[in-house]
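# Descriptive analysis of the structure
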Amino acid sequence: MSPFVLSALKYSLLLLLYFFIFRAIRATVTDLRRTGAREARPRKASAPRRAKQKPRGKGPGSVVVRDAEGRKLAARKLKGSLDVGRGESCSIRVEDSYVSQQHARLFLRDGSWLVEDLGSTNGTYLNDQRVTSPMPVRPGDLVKVGKTVLELRR
Amino acid sequence: MSHAAARPRARQGTTIALTILALVIGMGTYALTGLGKQGRVPANLALYGSLFAVLFAASLLVIRRFAPFADPAVFPTAAVLTGIGFAVIYRVRGDLAAEQFTWAAIGLAAFCLTLIVVRDHRQLDAYTYTIGLVGLALLFLPIVPGVGQVINGARLWVRIGSLQFQPSELGKVLIVVFLASYLNAKRELLRLATVKWGPFRLPQPKHLGPVLLAWGLSLVILFVEKDLGASLLFFAIFVVMLWVATARPAYLVIGALLFAAGAWFGYANLAHVQLRVDIWLHALEPANVNLFGYGQLAQGQFALATGGLVGSGLGLGIPYRIPFAWTDFIFAAIGEELGLLGTVAIILLYVTLVGRGLRAALACADGFGKLLAAGLTAAIGLQAFVIMGGVTRLIPLTGVTLPFVSYGGSSLISNFILLALLVRVSAGSARG
């Protein structure tokens, strides 16, 4: 094998290696940009687009309770104010050791449904964002308490 | 949520593309090494190529099935490093290549098993002290008489029957898990900073206990096992994790001061630490060239210098002249045959791995996962830095393996388990 061919092959290999690194880093950059865009564009901004897709009925009408594996455990109509937790008094009771006694609350204010965390140990997450103050929920949103997921439906 | 639904598929496409690229790079390095070394492609190229392909494909299937939202670049990056390591080991110690492949296969099996068993990283949070005790036991196992073995001056090997291994490698992973769990639980306590000290706010002296304990333990490792690398690594990982957990830079300063005190104490009292420092400072003096240790580091330097910008070409240099070119000095062997371009690529691969790991830590929703990802990432990054810095004579050489690249079963298997945990956290953080 001539030295020239060997050198050419070596350079191709190095090129391939840098191409790999470029691809891996690009994946990171696009990922960060996506996350950044999602965080920079607050939920309100996405509302008109959603409204365009689903013109009828803005607010959620029911909630489906699913376990970590996605199995449906229960469904409730949204009415008044619903407490989520392991406690006896909760209107949505979940058997999940990661859920606090009084974990979260779904309630109606000014005509829109909101979710708030009731000082739970493991937190409440609305579409992967931690709920620190009452946040509006829409059909299709996922509220996570412990390992249990509450899916909001129209 | 069409956005969220489209994401995993795009990620998996990237993972598959990157892994195929990793396979091509690894096997390309192997083929080129054979061409340079013997003038022909290694006879078993197709065999190793298909075996690696099967192993990678199996790992991708496990990731797809058990961690569908995993980070797309973490696994392929480790695969590239493993492939290059295999080829370079074949280059400098042809007889160890088959063994290294076996370790890689077992490592990938351990990777899959870890992903299958640990479905949610928070499972590990429940066994804080069990994991911590097992980790400590592994760390100090080499001290036990009859089991521990002294190899190359350090007591870090264990022999049970015909099985010989380095328990501190797995111990490292378990200690990181323990620290993540422990520090997450005690975070608030350690954050309390009431004592003002110059520009820093310090926690109450009584809360400094864990720092001092970790410091003491790493000194014990240094004195009893004579393992400078592990000692340095453990303390550094601990300080970094403490800093991440509390967001208090004061801990970095305290850690640096304690490290300086420990280093000075070790230097004053331990002959082998003095020797390491002397080798570091005087490796290239002609009088020392044939002395043990000095000559090794000098050969490594010569190899890097010979390699220059683009290297001599795979199989065309003399990297087998460097003692331990298949373990601690593999970075110098890469430098000789692939040059600065090759070594920078290796560094960038670790940078990618560290970047992805920290990204997973940032995106993770729970404190334990954040700390776990940050700690595992610090473990890989610091270890790579310690050995690359040692070989290039930036810092005194301490013998640790170059993660995923160096020859060695304990190291490869433990690092793949570590990788699986990192992939697990990244999958969890995307899912929420």
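Procedures and definitions
- Residues numbered from 1 in each chain as written.
- Chains lettered and ligands numbered in written order.
- Predicted model: local features only at pLDDT ≥ 70, side-chain atom pairs only at ≥ 80, totals over all residues.
- Heavy atoms only, no water.
- Helix = DSSP H or I, 4+ residues; strand = E, 2+ residues; numbered from the N terminus.
- Areas by Shrake-Rupley, 256 points an atom, 1.4 Å probe, with all protein chains shown as cover.
- Rg over C-alpha atoms; globule rule 2.2 N^0.38 Å.
- Buried < 20%, exposed > 50% of the residue type's maximum accessible area, 1.4 Å probe, protein only.
- Contact = heavy atoms within 4.5 Å.
- Lys, Arg positive; Asp, Glu negative; His and termini not counted.
- Charge placed at Lys NZ, Arg CZ, Asp CG, Glu CD.
- Pairing = 2+ DSSP bridges.
- Core = buried A, V, L, I, M, F, W, Y, C linked by side-chain atoms within 4.5 Å.
- Axes fitted to C-alpha atoms, helices over the stretch in contact; angles between N-to-C directions.
- Parallel < 35°, antiparallel > 145°, perpendicular 65-115°, else oblique.
- Left-handed = near helix turned anticlockwise from the far one by under 90°.
- Nonpolar A, V, L, I, M, F, W, Y, C, P; charged D, E, K, R; others polar.
- Salt bridge = Lys/Arg side-chain N within 4 Å of Asp/Glu carboxyl O.
- Expected span 1.5 Å × (residues − 1).
- Bend = angle between axes of the 7 residues up to and from the residue.
- Polar contact = N/O pair within 3.5 Å; in protein donor to acceptor, adjacent residues only side chain to side chain.
- Buried area = accessible area lost by both parts, 1.4 Å probe.
- pLDDT = per-residue confidence, 0-100.

A tally of helices and strands in chain A yields 2 helices and 11 strands. When the helices and strands of chain A are read in sequence order from the N terminus, they spell out α-α-β-β-β-β-β-β-β-β-β-β-β. Accessible area of chain A: about 9000 Å², with a carbon and sulfur share of 55%.

Bringing the overall build of chain B into the picture now. Per the secondary structure count, chain B includes 14 helices and 5 strands. For a compact globule of 432 residues, the expected C-alpha radius of gyration is about 22 Å, and chain B comes in at 22 Å, within 12% of that figure. Here chain B holds 432 residues, and the buried ones make up 57% of them. For chain B, long-range pairs separated by at least 24 residues make up 71% of all intrachain contacts whose partners lie at least 6 apart in sequence. When the accessible surface of chain B is summed, it comes to about 16900 Å², and 70% of that surface belongs to carbon and sulfur atoms. The averaged location of the 15 negative side-chain charges in chain B is 10 Å from the averaged location of its 30 positive side-chain charges.

All names here are of chain A. The sheet built from 6 strands is open, its strands ordered 2-1-11-10-7-8 with antiparallel pairing. Two strands close off the open sheet at either side, each with one partner strand: strand 2 (72-77) and strand 8 (129-130). When strand 1 (residues 62-66) meets strand 11 (residues 148-153), the two strands line up antiparallel, connected through 5 bridges. Within strand 11, the position partnered with R66 by the bridge is V149.

Residue and element names in this part refer to chain B. With respect to the secondary-structure elements, H121 resides in the loop between helix 4 (97-117) and helix 5 (128-140). Overall, H121 belongs to the buried group, its relative accessible area being 3%. H121 has contacts with C364, D366, F368, G369, L372, R424 and V425, leaving out every residue within four places of it along the chain.

In this structure, A:F20, B:F111, B:L183, B:Y350, B:L372, B:L402 and B:L419 are the most contacted members of the largest nonpolar core, which totals 134 residues. Setting aside anything within four residues of it in sequence, one finds A:F20 in contact with B:L18, B:L21, B:A22, B:I25, B:P76, B:T77, B:V80 and B:L349. Counting residues in each nonpolar core, the second largest holds 20 residues, with A:I92, A:W113, A:L126 and A:M135 among its members.

All names here are of chain B. Look at helix 3 (residues 74-92) against helix 12 (residues 330-363): their axes get within 10 Å of each other, and the N-to-C directions meet at 160°. With respect to each other, helix 3 and helix 12 are oriented roughly antiparallel. Remark: the crossing between helix 3 and helix 12 carries left-handed chirality. Mapping the contact onto sequence places V74, T77, V80, L81, I84, G85, V88, I89, R91 and V92 in helix 3 and I330, A333, I334, E337, I346, L349, Y350, T352, L353 and R356 in helix 12. Partitioned by chemical class, the residues of the contact of helix 3 with helix 12 number 14 nonpolar, 3 polar and 3 charged.

Residues and elements named next belong to chain A. Taken as a whole and assessed by the stated rule, the structure comprises 12 salt bridges over all chains. Here E151 makes a salt bridge to R153, at a shortest N to O gap of 3.2 Å. Look at R153 and you get partly exposed, because its relative accessible area is 33%. It is possible to trace a salt-bridge network through shared partners that takes in R66, E151 and R153.

The next subject is the environment of B:G390. Residue and element names in this part refer to chain B. By the secondary structure assignment, G390 is in helix 13 (residues 367-391). Judged by its relative accessible area of 0%, G390 falls in the buried class. On a C-alpha basis, the gap between G390 and V351 in space is 18 Å, while along the polypeptide they are 39 residues apart. Contacts of G390, omitting those with residues within four sequence positions, involve L297, F385, I395, P396 and L397.

Here we come to helix 12 of chain B. Between its terminal C-alpha atoms helix 12 of chain B stretches only 34 Å, short of the 50 Å expected from 34 residues at 1.5 Å a residue. Of all the bends in helix 12 of chain B, the greatest, near 130°, is centred on B:L338.

All right, on to the packing of helix 5 of chain B against helix 7 (residues 209-225) of chain B then. Residues and elements named next belong to chain B. Between helix 5 and helix 7, whose axes approach to 11 Å, the crossing angle comes to 25°. When the axis of helix 5 is compared with that of helix 7, the two are roughly parallel. Two secondary-structure elements touch here, helix 5 through L136, L139 and F140 and helix 7 through L217, V220, I221 and E225.

Residue and element names in this part refer to chain A. Strand direction decides the pairing type here: strand 10 (residues 142-145) and strand 11, joined by 4 bridges, are antiparallel. What sits directly across from V145, in strand 11, is T148. Connecting the antiparallel pair strand 10 and strand 11 is a turn made up of 2 residues, with G146 showing a positive phi of about 55°.

For the rest of this paragraph, the subject is the side chain of B:Q296. Mapping B:Q296 onto the fold places it in helix 11 (residues 294-307). Of note is the side chain of B:Q296, whose polar atom sits 3.3 Å from the backbone oxygen of B:P323.

Let's shift gears to the interface of chain A and chain B. Counting residues at the interface gives 30 residues for chain A, matched by 44 residues for chain B. The junction of chain A with chain B conceals about 3300 Å² of combined surface from both sides, 69% of it contributed by carbon and sulfur atoms. Of all residues in chain A, the largest losses of buried area upon contact with chain B belong to A:K10, A:L13 and A:F20, amounting jointly to 19% of the total for that side. If you look at where chain A meets chain B, you find 1 salt bridge. Across the pair B:D120 and A:K147 runs a salt bridge, and its minimum N-O distance is 3.9 Å. Remark: the boundary between chain A and chain B carries 5 residue pairs in polar contact (both at pLDDT 80 or more). The leading source of residues in the side of chain A that touches chain B is helix 1 (residues 3-40) of chain A, at 22 residues. When grouped by side-chain class, the residues that make up the side of chain A that touches chain B number 18 nonpolar, 4 polar and 8 charged.

What follows deals with the confidence of the model for chain B. Low-pLDDT portions of the prediction should not be read for the details of their coordinates. All names here are of chain B. The share of residues in chain B with pLDDT of 70 or more is 93%, and the mean pLDDT across the chain is 88. Throughout residues 1-6 the model reports pLDDT below 50, and contacts reaching past four residues in sequence, or to other chains, amount to 4 contacts. In the model output, the complex is listed with pTM 0.78 alongside ipTM 0.87.

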